[in-house]
Amino acid sequence: MSTASIPNSSLTPGFSPEVFEAFLQTRDEPAWVTEGRREAFELYQQKLAEPLDQEEWKRVDLRAFRPGKFQLRDDSFNAGNLGTLMLDRADFAGSVVHVDGHYARGSVSEELKARGVLFGDLATMMREHGDSLQPHFATRAVQAGTDRFSAWHAAFWTGGTVLYVPSGVTIDEPLYSLIGLAQDGAADFSHTLVILEDDAEATLLEETSSATEDAAGLHVGAVELLVGRNARLRYVQLQNWNGKTWHFAHQSGRVGANGSLQWTVGGLGAKLAHIHQDVHLDGRGAEGQVNGVTFATDRQVLSYYTQQSHHAPDTRSDLLYKDVLRDKARCVWRGMIKVDKEAQQTDGYQRNDSLLLSSTARCDAIPGLEIEADDVRCTHGATAGRVDVEQVFYAMCRGLTRYEAMHMIVQGFFQTVTDRIPVELVRDTLDKAVERKLGIGE
Amino acid sequence: MATLGIIDLQVSVESKPILKGVNLEIKAGEVHALMGPNGSGKSTLAYALAGHPKYEITGGSIEIDGTDVTGLDANERARLGMFLAFQYPVTIPGVRVADFLRHAVTNRRDPERKEGENLMPMREFRTELKERMTELGMDTEFARRYLNDGFSGGEKKRMEILQMAMLKPKFAILDETDSGLDSDAVKVVSEGVNRLSGPEMGVLIITHHERLLEFNKPQFTHVMLAGRIVETGDASLAAELHANGYATVRERHPEEAAEELTEQEKSLASV
C-alpha cells in the first residue's frame with residue numbers, strides 16, 4: 001500500500017483508537033514497527049490515565065492544551081515558503097525536509113552513499129534498512145514507556161531524519177534537516193535518529209519552522225543521538241516554530257568510551273515547549289557538552305528538563321543554558337547531574353543564566369545533583385538578573401538608542417554560550433535568530 | 001562656533017537638590033577645568049549633561065549651539081556631539097569593542113540613522129579604529145575584546161579616550177579620567193585629549209589632581225562648592241587649589257561652606 005493512494009480524509013483530528021487504526025492503514029512498514037506502535041498506543045492510553053511526574057511538570061501549565069484539536073496528516077504538503085534560517089546559507093553534504101510529518105524532499109551526496117553513510121527520512125529507511133535500524137530505534141535512548149509523551153510519540157511517529165555513519169567514517173560538511181509545519185492544526189511526530197559507529201564523525205544541523213505565523217501546530221518529537229566509541233557528533237536543534245505551536249520532545253544522547261557529543265539547543269519559537277533532554281555518558285572518557293540559547297517573548301513558555309548522567313569513570317559533562325525573557329514570557333530549567341557509583345573521576349558542570357528584559361517575565365532555574373561516587377567534581381550554578389540600567393545608559397551616552405543598547409546587551413549575554421560553538425554557520429544562525437526575535441535585521 | 005551653554009542648571013537626585021544653579025559656557029577649542037571638594041556636585045554636573053535619567057533637571061537648561069537639549073535622551077545628546085568619559089566605565093560582557101564602537105560611530109556621524117539601518121563600512125571603520133588605537137598606544141587586540149571586561153583601570157580609561165577619538169564629539173566631559181592612572185598613562189590620555197581638543201572640540205576636565213591639567217592647560221578653572229560654581233579663574237587657580245586645597249575657597253565663600261557643612265551633617269545623620 002502506498003501512502004499516496006489513501007485520501008486525506010482517512011485521518012480525523014485527535015488520537016483516539018479509531019484514529020490510531022486509521023493511521024496504521026496509512027503506513028507501509030515492517031511488522032515489528034507496527035507491533036511497536038500497538039504496544040506504545042496501549043501504553044499511551046494507560047499513561048493518559050496517570051498523572052504526569054510532578055517534579056518534571058509542576059511548573060508547566062498544560063490546562064489550555066487540547067490534543068483533540070490537532071491531527072496527523074497523511075498527505076505531504078508542498079510548503080515552498082517555509083522560512084529557514086540555515087538551509088540556503090551553506091553547502092551541506094545532504095539535506096532532508098519534512099513538512100507536516102512527512103518527507104517532502106532531500107538529497108545526499110553520492111560520495112557519502114559510497115562510503116556507506118545512510119541519510120534520509122525515517123519512513124523510507126524503515127522500509128529499506130529496517131533490520132539495521134531495529135537495534136537502535138527507540139531502544140537505547142528514548143523509550144516509549146517514559147511518560148505519556150514518549151508513548152504518544154512511539155505510537156504515532158510519522159517521519160524524521162536518520163543519519164547513520166559507519167565505523168571510521170568522517171563527514172566534514174554538515175548535514176541538514178528541516179522539520180516544518182504548514183497546515184493549520186497539523187501534528188508533527190518526527191523522530192530524529194543519529195547513529196555514529198566507532199571513530200565516526202559528523203555534524204547535523206536541524207531546525208523547526210512554521211510556514212505561517214497563524215497556523216496552530218503540534219510537535220511530539222523524539223531525538224536519539226547514539227555516539228560510538230571515540231566518535232564525535234555535533235548536533236544542533238534550533239526550535240523556531242511560530243507562536244501557536246505546542247512542542248513536546250524527548251531527546252536523548254548516549255556517548256561511548258572517549259566519544260564526544262556537542263549538543264546545541266536553540267529555543268526561540270513555540271507557544272509552549274517542554275523538552276526532556278538526557279545526556280548519558282556510557283563509556284570511560286566520554287564527553288558531553290550542552291549549549292542552550294533560549295529567547296522567550298510574549299506569553300511563551302519554554303521549559304527544559306535536563307539530565308547529565310555519568311555511568312562510567314573519567315566522564316565529563318558541561319551544560320550551559322542562557323535564557324533571555326521579555327514581556328510575560330516564562331522559562332523553566334530543571335537540571336540534574338547524576339553520577340553512578342562506578343563513575344569515579346567524573347567532572348560534571350551545569351549552569352543556567354537568565355536575563356529578564358521586563359518585570360513581568362519569570363524564570364525558574366532549579367539545578368540538582370545526585371552523586372553516588374565519592375571521587376568526583378560536580379558544580380552547578382544559576383543566575384537571574386535584569387538588564388543593568390547603567391549598561392544601558394553607558395551605551396546611550398555613545399549614541400545607541402535604548403533598544404539598540406538592550407539588543408547589544410542581549411547579544412552579549414548570549415555571546416558567552418555562542419563562543420563555545422565551533423560551527424560558524426550555527427553561531428551566525430543563532431545571531432540572526434536572536435536579531436529577528438529582537439525585531440531588527442531582515 | 002560650537003557652544004555648550006549651561007544656564008542656571010538645577011539638578012536633584014532622588015528629590016535631593018545637588019546642583020543649585022550652575023552657569024557655564026564652553027566653546028569649541030576651549031579647555032575648562034572643574035575642581036571642587038568631594039560632594040560639591042562635579043560628577044552630578046557630568047551625568048546631568050550626559051542625560052542620566054537618575055539626575056533630574058528641576059530648573060535651568062542645557063543648550064548645544066543655542067538648541068535646548070534638556071529634554072533629550074542621552075543618545076540624542078551624544079549624536080549632537082556630547083561626550084562623557086566615565087569615571088567608572090561600565091563593563092558590557094559579550095559585546096566586542098569593535099562592534100560597540102561601529103554602532104556608536106555610525107550613529108554619531110549619521111544622527112538620523114534608525115536601528116537596523118546600515119553601519120559604516122567595515123573596512124573603513126577598521127582602518128580608522130586601528131589608527132586611533134595606535135595613536136593611543138593600545139594593542140589592536142583590544143578591538144576584539146569584550147567592552148571593559150577584565151580591563152585594568154588604566155585600560156578602561158584609555159578605552160574612554162579611544163571612544164572619544166572615534167566619536168569626535170563637540171564637547172567632551174572628562175570625569176576624573178586621570179584618577180587611578182600612573183603617570184605614563186596620564187601622559188597617553190593627555191596626548192589623546194590634546195590631539196582632539198584643537199579648534200573642533202571643547203573640553204571640561206573634572207579632576208582632583210593637577211596632572212591632567214599640566215598637559216592640557218585650561219584657559220578657565222572653575223571651582224564648585226555646595227552645588228554652585230563659586231569662582232572662575234585661569235590655570236593659576238588650578239595650581240593654587242592643588243597646592244593649598246579648598247580652605248581658602250571656603251573662607252572666601254562662607255555661605256556655601258556653611259551649606260556644605262550642613263549637607264555633610266545631614267547625610268551623616270541619615271546613615
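What counts and how
Residues numbered from 1 in each chain as written. Chains lettered and ligands numbered in written order. Predicted model: local features only at pLDDT ≥ 70, side-chain atom pairs only at ≥ 80, totals over all residues. Helix = DSSP H or I, 4+ residues; strand = E, 2+ residues; numbered from the N terminus. Rg over C-alpha atoms; globule rule 2.2 N^0.38 Å. Buried ≥ 20, exposed ≤ 12 C-beta atoms within 10 Å, placed from the backbone. Contact = placed C-beta atoms within 7 Å. Axes fitted to C-alpha atoms, helices over the stretch in contact; angles between N-to-C directions. Left-handed = near helix turned anticlockwise from the far one by under 90°. Nonpolar A, V, L, I, M, F, W, Y, C, P; charged D, E, K, R; others polar. Pairing = 2+ DSSP bridges. pLDDT = per-residue confidence, 0-100. Domains from an automatic or database assignment. Core = buried A, V, L, I, M, F, W, Y, C linked by C-beta atoms within 7 Å. Parallel < 35°, antiparallel > 145°, perpendicular 65-115°, else oblique.

Asker: Help me understand the overall build of chain B in this model?
Answerer: A tally of helices and strands in chain B yields 10 helices and 12 strands. For chain B, the C-alpha radius of gyration of 19 Å lies close to 18 Å, the compact-globule estimate for 271 residues. Taken along its principal axes, the extent of the C-alpha atoms in chain B is 60 × 40 × 40 Å. Burial status across chain B gives 43% buried among its 271 residues. Pairs at least 24 residues apart make up 70% of the contacts formed inside chain B by residues separated by at least 6 positions.

Asker: Looking at this structure, I do not really get the overall build of chain A. What am I missing?
Answerer: For chain A, the count of helices and strands is 9 helices and 21 strands. For chain A, the proportion of its 442 residues judged to be buried stands at 54%. Within chain A, residue pairs in contact and separated by at least 24 positions form 82% of the contacts whose partners lie at least 6 positions apart.

Asker: Would you explain the packing of helix 3 (residues 97-109) of chain B against helix 5 (residues 153-167) of chain B in this entry?
Answerer: All names here are of chain B. Taken N-terminus to C-terminus, the directions of helix 3 and helix 5 make an angle of 35°; their axes are 9 Å apart at the nearest point. Note that helix 3 runs across helix 5; the crossing there is right-handed. Residue-level inspection shows Leu101, Ala104, Val105 and Arg108 of helix 3 in contact with helix 5, the latter providing Gln163, Met166 and Leu167. In terms of residue class, the contact of helix 3 with helix 5 is made up of 5 nonpolar, 1 polar and 1 charged.

Asker: So what exactly am I meant to see when it comes to the interface of chain B and chain A here?
Answerer: Accessible area lost upon the coming together of the parts serves often as the stated size of an interface. Between chain B and chain A, the residue contacts involve 23 residues of the former and 22 residues of the latter. Broken down by secondary-structure element, the contributors of at least two residues to the side of chain B that touches chain A are helix 2 (74-79), strand 7 (92-96), helix 3 and helix 5 of chain B. Partitioning the side of chain B that touches chain A into residue classes produces 12 nonpolar, 7 polar and 4 charged.

Asker: Just checking my understanding: could you explain the sheet that holds strand 4 (residues 55-64) of chain B for this structure?
Answerer: To summarise the sheet geometry, strands pair through backbone hydrogen bonds and adopt either a parallel or an antiparallel arrangement. All names here are of chain B. In space, the 4 strands of this open sheet follow the order 2-1-4-5, with antiparallel pairing throughout. This sheet does not close on itself; its edge strands, each paired only once, are strand 2 (16-27) and strand 5 (67-68). Direction of pairing for strand 1 (residues 3-13) relative to strand 2: antiparallel, over a ladder of 9 bridges. Residue pairing for strand 2: Ile6 is matched across the bridge by Leu24.

Asker: Would you explain the environment of Thr379 of chain A in this entry?
Answerer: Residue and element names in this part refer to chain A. Note that Thr379 resides in strand 21 (residues 377-386). You can call Thr379 exposed: it has 12 C-beta atoms within 10 Å. Considered as a pair, Thr379 and His311 are 68 residues apart in the sequence and their alpha carbons are 17 Å apart.

Asker: Got a minute to help me understand the confidence of the model for chain B in this structure?
Answerer: Close inspection of predicted coordinates is inappropriate in any region flagged by low pLDDT. When pLDDT is averaged along chain B, the result is 92; 100% of the residues meet or exceed 70. Taken together, the chains of this predicted complex give a pTM of 0.85 and an interface ipTM of 0.95.

Asker: Is there a simple way to explain the pairing of strand 19 (residues 347-356) of chain A in this structure?
Answerer: One face of the sheet, then the other: side chains in a regular strand alternate in exactly this way. All names here are of chain A. The element strand 19 is largely enclosed, with a buried count of 7 among its 10 residues. By the bridge criterion, 10 bridges tie strand 17 (residues 316-325) to strand 19 in an arrangement that is parallel. Residue Asp323 lies in a different strand from strand 19, and its bridge partner there is Ser354.

Asker: Even after reading the chapter, I still don't get the sheet that holds strand 19 of chain A, so can you show me in this structure?
Answerer: Residues and elements named next belong to chain A. Read from one edge to the other, the open sheet built from 10 strands follows the order 3-2-6-9-11-13-15-17-19-21, with strand pairing classed as mixed. For this open sheet the edge positions go to strand 3 (102-108) and strand 21, each flanked by a neighbour on one side alone. Each neighbouring strand pair of the sheet contributes to a mean axis angle of 10°, computed without reference to strand direction. Strands strand 15 (287-296), strand 17 and strand 19 of the sheet are contacted by helix 8 (residues 402-418), whose axis makes an angle of about 165° with strand 17.

Asker: Just checking my understanding: could you explain unusual backbone geometry for this structure?
Answerer: Generally, phi is negative for residues other than glycine and the peptide bonds are trans, each holding for most cases. Within the chain, Asp100 of chain A stands out as a residue other than glycine whose phi angle is a positive 50°. Examined against the element boundaries, Asp100 of chain A turns out to sit in the loop between strand 2 (94-99) and strand 3. Taking the C-beta count within 10 Å as the criterion, Asp100 of chain A has 27 such neighbours and is therefore assigned buried. A positive phi angle, near 50°, is found at Glu14 of chain B, a position not held by glycine. Its location among the elements puts Glu14 of chain B in the loop between strand 1 and strand 2.

Asker: What's the story with the environment of Ser210 of chain A in this structure? I'm lost.
Answerer: Residue and element names in this part refer to chain A. Position of Ser210 among the secondary structure elements: in strand 9 (residues 201-210). Once the C-alpha coordinates of Ser210 and Leu226 are considered, the two residues, 16 residues apart in sequence, prove to be 28 Å apart. In contact with Ser210, other than residues within four places in its own chain, are Leu181, Ala215, Gly217, Trp241, Asn242 and Thr245.

Asker: Just checking my understanding: could you explain the domain arrangement of chain A for this structure?
Answerer: All names here are of chain A. Looking at the assigned domains, one finds that chain A contains domain 1 (3-283) and domain 2 (388-442). Measuring from the centre of the C-alpha atoms in domain 1 to the corresponding centre in domain 2 gives 31 Å. Facing 14 residues of domain 1, the contacting portion of domain 2 comprises 9 residues. Within the residue set of the side of domain 1 that touches domain 2, elements represented by two or more residues are strand 9, strand 11 (232-240) and strand 13 (260-267). At 4 residues, the largest contribution of residues to the side of domain 1 that touches domain 2 is made by strand 11.

Asker: Can you help me understand the nonpolar core in this one?
Answerer: One broad rule of soluble globular proteins: the nonpolar side chains tend to lie buried together. Counting 203 residues, the largest nonpolar core has Val194 and Leu196 of chain A together with Phe83, Ile173 and Ile205 of chain B as the members making the most contacts within it. When we break this core down by domain, the ones giving at least three residues each are domain 1 (3-283) and domain 2 (388-442) of chain A. For Val194 of chain A, the contacting residues outside a window of four places in its chain are Leu163, Leu204, Glu224, Leu225, Leu226, Leu233 and Tyr235 of chain A.

Asker: What is the right way to look at the packing of helix 4 (residues 122-135) of chain B against helix 5 of chain B in this model?
Answerer: Geometry of a packed helix pair, given as the angle between the helix axes and the separation of the axes. All names here are of chain B. Running from N to C, helix 4 and helix 5 point in directions that differ by 135°, and their axes come no closer than 10 Å. When the axis of helix 4 is compared with that of helix 5, the two are oblique. Like other packed secondary-structure pairs, helix 4 and helix 5 cross with a definite hand, here right-handed. Here Leu129, Arg132 and Met133 of helix 4 lie close against helix 5, whose contacting residues are Leu162, Ala165 and Met166. By residue class, the composition of the contact of helix 4 with helix 5 is 5 nonpolar, no polar and 1 charged.

Asker: What exactly am I supposed to notice about the pairing of strand 9 of chain A here?
Answerer: Residue and element names in this part refer to chain A. Across the 10 residues of strand 9, 9 count as buried, placing the element largely inside the fold. Pairing between strand 6 (residues 175-181) and strand 9: 7 bridges, direction parallel. What sits directly across from Ile179, in strand 9, is Thr208. Of the strand pairs in this sheet, strand 9 and strand 11 are connected by 9 bridges, and their pairing is parallel. The residue bridging Thr208 from the neighbouring strand is Gln239, located in strand 11.

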